[in-house]
Amino acid sequence: MSRGALRLAVSRLTIKRSLPEKQFGTISRMNPLHVVTALNPAQQKAVTAQPGHVLVVAGAGSGKTRVLVHRIAWLLETQRSAPHNIFAVTFTNKAAAEMRARIEAMLRYSVGNMWVGTFHGLAHRLLRTHWREASLPEGFQIIDSEDQRRLVRRIIRTLGLDEARWPVKQVQSWINAQKEAGMRCTQLHDGGDPWRRQIISLYREYEATCRRSGLVDFAELLLRSHDLLRDHEELAAHYRSRFRHILVDEFQDTNGLQYAWIRLLAGDQGWLFMVGDDDQSIYGWRGARIENIHRFPQDYANVLTIRLEQNYRSTRTILTAANAVIANNQGRLGKNLWTDVGVGDPLHLYRAFNDLDEARFIVGRIHQWLAQGGRADQAAILYRTSAQSRVLEEALAAQGVPYRVYGGQRFYERAEIKDALAYLRLIANRDDDAAFERVVNTPPRAIGARTLEKLRLVAREGGVSLWQAARDLAAGGALAARARTALSGFLALLARLDEDTAAGPLDERVAGVIENSGLLEYYRRDKSNHSGTRVENLEELVSAARQFSYDQPEGESLLGAFLARAALESGDDPSGGGGVHLMTLHSAKGLEFPLVFLCGLEEGLFPHQRSLNDPGKLEEERRLCYVGMTRAMQVLCLTHAEVRRIHNADFYPEPSRFLQEIPMDLVREVRLRGSVSWPRYTPDADQADSFTLGQRVAHPKFGKGVVLNYEGRGAHARVQVNFEHAGTKWLVLAYANLGAV
DNA sequence: TACGGCCAACTTTTT
DNA sequence: GTTGGCCGTA
């Protein structure tokens, strides 16, 4: 699991050590021409735009990263910019690492003091440097969404609220939405609304808990560093004079707070270089505001807008189809991708009987691809929901096709890893309530719900952390002897873990904690963990710590830095190993594959049920479809099923509206042996004289049914239909007058 | 207090 | 099909 992450860390290390820093005053080692050759006119225009604000509308496969990298190289090589003048921000660690690596590969010197990172990573860097000004404790820790949810649940219960009326996730996302709107609980007013009054008090209580515990959630990283710049003019001035060039990747995915933060950082001195594609905005449900990219040219005077419309990835057919689909959206910035490569294959369309048939078909096509000399890792199967992967995986495995599934449980999010990290967090900061709650009784050490309840009460009344409350309770006489012993035991254990390992290297420290806390033994004996992966993962964490300490030899708090990385990096980078790529459409963004299967194209699945009644959400689904289609380089194969099994229940979905939005002449419907032709997307489907197995049909007398079987052809063709009410019947096609449903 | 079994939920998830 | 939470029992 974490091996990819480790490999990534190693390669970054190699780059750092083998490249010299840029020496000022030395002659550029690179001919500036190299920065702009091999760029098309639009790319060149973007890369060499004179100081000013720039919006690059970069279509799929139009060389977006290339432009960013070349722009930075151009600034460094021809504009007398130094690496420390540049601030480049992305959404993923992967994108940030790639950008840095490509710049260094191009320039052949290390740009270590250039700020390149994710929004959260760079905000974190600011807060670590200026924790005092940001009113944070020096050793503040980052909590992930799961930690946050547990804290919120705790608070809902503490306030004696009904979880059914105050769903944890809803409260959590409400709080995050407030933070993303820049709203602190003190700035919110209930306006006499009891619901608002209650949820604001939840927010207040949550903030108080975080403050007491020295915890910062993801949204807080951004809000805190935004407020830091807003409230400390001298600090802001310092950074504004430093970062003359601010480059933003995937601008369409920024939320309001991120945009505000960037604007604050730029002030009226920094030049903004925003790269994005409004047609690929697919994270609205997480707070991304597509409006940001739309209003940027209005927010600043004289924004130079450049469109990158030449696509270097897909065939003309694929692009035409994708353009046709996205054209159904309103209010786009507008662009039309084109390519000068060939027309290519038509899109393939397969109408499957059910999800098993769909999977079988896809595997069959992959076999064909392999037989024609293709590699498995050139193929990707994209789906709307993770749940769809299971059937596909089974079909691939049954046929011996290697594959790898992206997404899912990440290394640093695994329960056993988070347990181990919680011990480490408590070592770093005893007041970390989230960590305390997590491991106070993991592994079980007889500290039960009653004891914890008392602890929380004491902590709440005294306005102190759980740790401090535990110390008080263990010393006083308020607890039963048994509970007191158990609690003292935990306090002593932690002190021991801390002291025993304080001097040693990080990995020994981690190993000591895992061993002596009893976690290792606990998971070793865990019967539900048949394969022993949890134990392996714990061992892997020790290796990750060792690797990390090689990677970052200097630094005052290695443990703190390690914990921060664990929170900010998923630690999951499924790189090595070939095989067909299986992933959700969301995780496919930014990738490309010669052969792409887009499956489950059905109303209710894609577009998803929960988006059907909201035009805005529907447009986001369409953008998701656009993203999926534009991943394909050579062959794009679309599939849908007539019967879809979801949570053990059968559904009979209509084909996705997105299919209807693709011009028919770009599509070739694929039929397998054993099925008969059925011109599915002709307007007069009633005229059709043949059917596929599983096809839903309507009979004037028997009503609706499903085609089970057929025999013969032409005038003698007969079909067997299972009618919903009339039962199974054989009908002569020529007389049956069957229609489509 | 611990554990096993049962039940409900379940879109997407860069940090 | 899986997972996390809840509850009853030892």
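Keep in mind that this is a model prediction, so the values were computed, not measured.

(A) Broad picture of the overall build of chain A. Check the secondary structure of chain A and you find 29 helices and 21 strands. Taking all 741 residues of chain A together, the buried fraction comes to 54%. Once local pairs closer than 6 in sequence are excluded, the contacts in chain A between residues at least 24 apart make up 73%. When the accessible surface of chain A is summed, it comes to about 32800 Å², and 49% of that surface belongs to carbon and sulfur atoms.

(B) Highlighting the environment of Y283. Inspection of the secondary structure puts Y283 in the loop between β7 (271–276) and α13 (291–299). Linking Y283 and E569, residues 286 residues apart in sequence, is a C-alpha distance of 19 Å. Setting aside residues no more than four positions away along its own chain, Y283 makes contact with D253, A288, H586, K589 and E620.

(C) Looking closely at the protein's contact with DNA strand C. As a matter of local geometry, DNA strand C sits amid R153, R157, E163 and R390. At 3.1 Å, a side-chain N or O of R153 approaches a phosphate oxygen of DNA strand C. Classifying every residue of the surface near DNA strand C gives no nonpolar, no polar and four charged.

(D) Fine view of the packing of helix α12 (residues 256–266) against α13. At their nearest, the axes of α12 and α13 sit 12 Å apart, and the two run at 30° to each other. Comparing their axes, α13 and α12 come out roughly parallel. The hand of the α12/α13 crossing is right-handed. Touching G256, Y259 and R263 of α12 are N292, R295, F296 and D299, all from α13. Class assignment of the residues belonging to the contact of α12 with α13 gives a composition of two nonpolar, two polar and three charged.

(E) Spatial organisation of the pattern of salt bridges. In this structure the tally under the stated criterion is 50 salt bridges. Notably, a salt bridge pairs R460 with E205, separated by 2.8 Å at the nearest N-O pair. Of this pair, R460 sits in helix α19 (residues 449–462) while E205 is found in helix α9 (residues 194–213), placing the two residues 255 residues apart along the sequence. The partner of E621 in a salt bridge is R384, and the shortest N-O contact between them spans 2.7 Å. One end of the pair, E621, is in helix α27 (residues 615–629); the other, R384, is in the loop between β10 (379–383) and α16 (389–398), with 237 residues separating them in the sequence. An identical accessibility class is assigned to E621 and R384; each is buried. Beyond isolated ion pairs, a larger network of salt bridges with shared partners links D144, E146, D147, R150, K418, D419, R425, D432 and R438.

(F) Layout of the protein's contact with DNA strand B. Taken together, 32 residues lie around DNA strand B, and Y283, R286, R384, R410 and T584 are the ones closest in. Close to the protein, within 4 Å, the atoms of DNA strand B are drawn from sugar and phosphate at a rate of 55%. With respect to DNA strand B, the side chain of R384 contributes an N or O atom lying 2.3 Å from a base oxygen. Elements supplying a minimum of two residues to the surface near DNA strand B: α19 and α26 (585–588). Examining the composition of the surface near DNA strand B, we find that three residues originate from one element, α19, more than from any other. Taken together, the residues that form the surface near DNA strand B break down as eight nonpolar, 16 polar and eight charged.

(G) Up close: the packing of aromatic side chains. Throughout the structure, instances matching the rule amount to 22 aromatic pairs. Taking the centre distance of 5.9 Å and the plane angle of 65° together, the rings of F87 and W261 count as edge-to-face. Placement of the pair is F87 in strand β2 (residues 86–90) and W261 in helix α12, with a sequence separation of 174 residues. Residues F87 and W261 agree in their burial class; the two are buried. An aromatic cluster is defined as three or more aromatic residues linked by ring pairs; in this entry it consists of F87, F91, W115, F119, Y239, F243 and W261. Above the plane of the ring of W115 lies R125, whose end atom (NZ or CZ) is 4.0 Å from the centre. The positively charged end of R430 is found above the aromatic ring belonging to W467, 5.2 Å away from the centroid.

(H) Layout of the pairing of strand β1 (residues 53–58). For β1, a buried count of six out of six residues is recorded, marking the element as mostly surrounded by other parts of the structure. Side chains of β1 alternate between two faces, with H53, L55 and V57 and V54, V56 and A58 buried alike. Across six bridges, β1 lies against strand β8 (residues 303–308) in parallel orientation. Each residue of the ladder has a partner; that of L55, found in β8, is T305. Examined bridge by bridge, β1 and β7 share four bridges and lie parallel to one another. Bridge pairing links V57 to G276 in β7.

(I) Molecular detail of the sheet that holds β1. Read from one edge of the open sheet, six strands run β3-β2-β6-β7-β1-β8, paired in parallel fashion. Two strands in the sheet have a free side with no partner beyond their single neighbour: β3 (115–118) and β8. Across the sheet, the mean angle from the axis of one strand to that of its neighbour is 15°, orientation sign disregarded. Relative to the sheet, helix α6 (residues 119–129) contacts β2, β3 and β6 (245–248), its axis offset from that of β3 by approximately 120°.

(J) Layout of unusual backbone geometry. Cis peptide bonds are those with omega within 30 degrees of zero, and the linkage from T442 to P443 qualifies with -5°. Along the chain, P443 falls in the loop between α18 (433–439) and α19. Residue P607 is reached from F606 by a cis peptide bond, and omega for that bond is 5°. Note that P607 resides in the loop between β13 (593–598) and α27. Here S135, not a glycine, exhibits a phi torsion of approximately 55°, which is positive. Inspection of the secondary structure puts S135 in the loop between α6 and β4 (141–142). Here the phi dihedral of E250 falls at roughly 50°; this positive angle occurs in a residue that is not glycine. Among the secondary structure elements, E250 is positioned in the loop between β6 and α12.

(K) Focus on helix α4 (residues 64–78). Between its first and last C-alpha atoms α4 spans 21 Å; for 15 residues at 1.5 Å apiece the expected length is 21 Å, and the two agree. Restricting attention to buried positions, one finds in α4 the residues K64, V67, L68, V69, H70, R71, I72, A73, W74, L75, L76 and E77. R80 sits one or two positions beyond α4 and adopts a positive phi of about 55°.

So, how was this worked out
- Residues numbered from 1 in each chain as written.
- Chains lettered and ligands numbered in written order.
- Predicted model: local features only at pLDDT ≥ 70, side-chain atom pairs only at ≥ 80, totals over all residues.
- Heavy atoms only, no water.
- Helix = DSSP H or I, 4+ residues; strand = E, 2+ residues; numbered from the N terminus.
- Buried < 20%, exposed > 50% of the residue type's maximum accessible area, 1.4 Å probe, protein only.
- Contact = heavy atoms within 4.5 Å.
- Areas by Shrake-Rupley, 256 points an atom, 1.4 Å probe, with all protein chains shown as cover.
- Near = heavy atom within 4 Å.
- Polar contact = N/O pair within 3.5 Å; in protein donor to acceptor, adjacent residues only side chain to side chain.
- Nonpolar A, V, L, I, M, F, W, Y, C, P; charged D, E, K, R; others polar.
- Axes fitted to C-alpha atoms, helices over the stretch in contact; angles between N-to-C directions.
- Parallel < 35°, antiparallel > 145°, perpendicular 65-115°, else oblique.
- Left-handed = near helix turned anticlockwise from the far one by under 90°.
- Salt bridge = Lys/Arg side-chain N within 4 Å of Asp/Glu carboxyl O.
- Phe/Tyr/Trp six-rings, centres within 6.5 Å; stacked < 30°, edge-to-face > 60°.
- Lys NZ or Arg CZ within 6 Å of the ring centre and 35° of its normal.
- Pairing = 2+ DSSP bridges.
- Expected span 1.5 Å × (residues − 1).

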